[in-house]
Amino acid sequence: FYTWGTPNGHKVRIMLDACNLDYQLHAVNILKNEQFAPEFLTISPNNKIPAITDTDGPDGSPIALFETGAILIYLAEKTGRYLPQKRSEYFEVMQWLMWQMGGFGPMLGQAHHFNQFAPEPVPYALERYNTEARRLWGVLDKQLEDREFICHELSIADFAIFPWANRYAFQKIDPQDFPNVAAYIERMKTYDF
């Protein structure tokens, strides 16, 4: 498991721990540009963390995977856990996983960058990404009305969404403005993964 302490890296660690899978942790220090090392690029050609290798992949052959959605789906299918078999529930989980990968993660990641790491304030970017973060939090808050998890039960959708929601300070979000998400974050923190 090749990772660094980011929400994307946290997603896969949650899944590995929730499935009680043994893994070797390899820190890829993105602050020192280690993700550009030639040996890492053979595992993750998009030079992003996280990535995994599995010596016992499909049909017993080794496999290297990058992109968190692909890794979560792979591990769910390999272990038979956290991805429902019932087709309607399966697609609900996939829909929310894609929502996280296509919007919640990328937009919140931009908010993180411009709020925390930009060398100087960029007012247009701050307005754009902080507004979009609030909109996406509103979508999530509505989804979590009267439910414990994103979908019917704990799933890879939760493992993908929770680490991004839990970084609310980087997004300039007050969780109390979104009470269903605030309660969800506290529930997710109680799990031993």
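First, a word on scope: everything that follows refers to the structure included in this document. For clarity, every value in this text was computed on a predicted model and none was experimentally measured.

Okay, the overall build of the protein next. Counting secondary structure elements, the protein contains 7 helices and 4 strands. Start at the N end of the protein and walk to the C end: the helices and strands fall as β-α-β-α-β-β-α-α-α-α-α. Taken over C-alpha atoms, the radius of gyration comes to 17 Å for the protein, in line with the 16 Å a tight globule of 193 residues would show. Looking at the protein as a whole, 48% of its 193 residues qualify as buried. Within the protein, counting contacts between residues at least 6 apart in sequence, those at least 24 apart form 63% of the total. As presented, the protein carries roughly 10,200 Å² of accessible surface, and 52% of it is formed by carbon and sulfur atoms. For the protein, the distance from the average position of its 17 positive side-chain charges to the average position of its 24 negative side-chain charges is 3 Å.

Attention now goes to helix α5 (residues 123-143). Given a rise of 1.5 Å per residue, 21 residues ought to cover 30 Å, and the 30 Å separating the end C-alpha atoms of α5 matches this to within 8%. Regarding α5, the residues found buried are Ala 125, Tyr 129, Asn 130, Ala 133, Leu 136, Trp 137, Leu 140, Asp 141 and Gln 143. Seen end-on, α5 carries its buried residues on one side only, within an arc spanning 150°. Opposite its buried face, α5 presents the exposed residues Pro 123, Tyr 124, Glu 127 and Lys 142, each directed more than 90 degrees away. Where α5 is buried, its residues touch α4 (87-117), α6 (156-165) and α7 (179-189).

Within the secondary structure layout, Asp 141 lies in helix α5. Within the buried set, Asp 141 has no salt-bridge partner at all; the shortest N-O distance to an opposite charge, 9.0 Å, is to Lys 142. Looking at Asp 141, its side chain comes within polar contact range of the main-chain nitrogen of Val 181, at 3.0 Å. In this view, Asp 141 contacts Phe 178, Pro 179, Asn 180 and Val 181; residues no more than four positions away in its chain are not counted.

Right, let's get into the packing of aromatic side chains. Counted under the stated rule, the structure contains 10 aromatic pairs. Ring geometry for Trp 99 versus Phe 104: centroids 4.8 Å apart, planes at 20°, classification stacked. On the basis of relative accessible area, Trp 99 is assigned to the buried category, the value being 18%. Judged by centre distance (5.7 Å) and plane angle (5°), the rings of Phe 114 and Tyr 129 are stacked. With Phe 114 in helix α4 and Tyr 129 in helix α5, this pair connects stretches of sequence that are 15 residues apart. Judged by relative accessible area, which is 15%, Tyr 129 ranks as buried. Through successive ring pairs, a cluster of aromatic residues spans Trp 96, Trp 99 and Phe 104.

Conventions we followed
Residues numbered from 1 in each chain as written. Predicted model: local features only at pLDDT ≥ 70, side-chain atom pairs only at ≥ 80, totals over all residues. Heavy atoms only, no water. Helix = DSSP H or I, 4+ residues; strand = E, 2+ residues; numbered from the N terminus. Rg over C-alpha atoms; globule rule 2.2 N^0.38 Å. Buried < 20%, exposed > 50% of the residue type's maximum accessible area, 1.4 Å probe, protein only. Contact = heavy atoms within 4.5 Å. Areas by Shrake-Rupley, 256 points an atom, 1.4 Å probe, with all protein chains shown as cover. Lys, Arg positive; Asp, Glu negative; His and termini not counted. Charge placed at Lys NZ, Arg CZ, Asp CG, Glu CD. Expected span 1.5 Å × (residues − 1). Arc of directions from axis to C-beta. Salt bridge = Lys/Arg side-chain N within 4 Å of Asp/Glu carboxyl O. Polar contact = N/O pair within 3.5 Å; in protein donor to acceptor, adjacent residues only side chain to side chain. Phe/Tyr/Trp six-rings, centres within 6.5 Å; stacked < 30°, edge-to-face > 60°.

Such coordinate-based values are descriptive only and should not be taken to indicate function.
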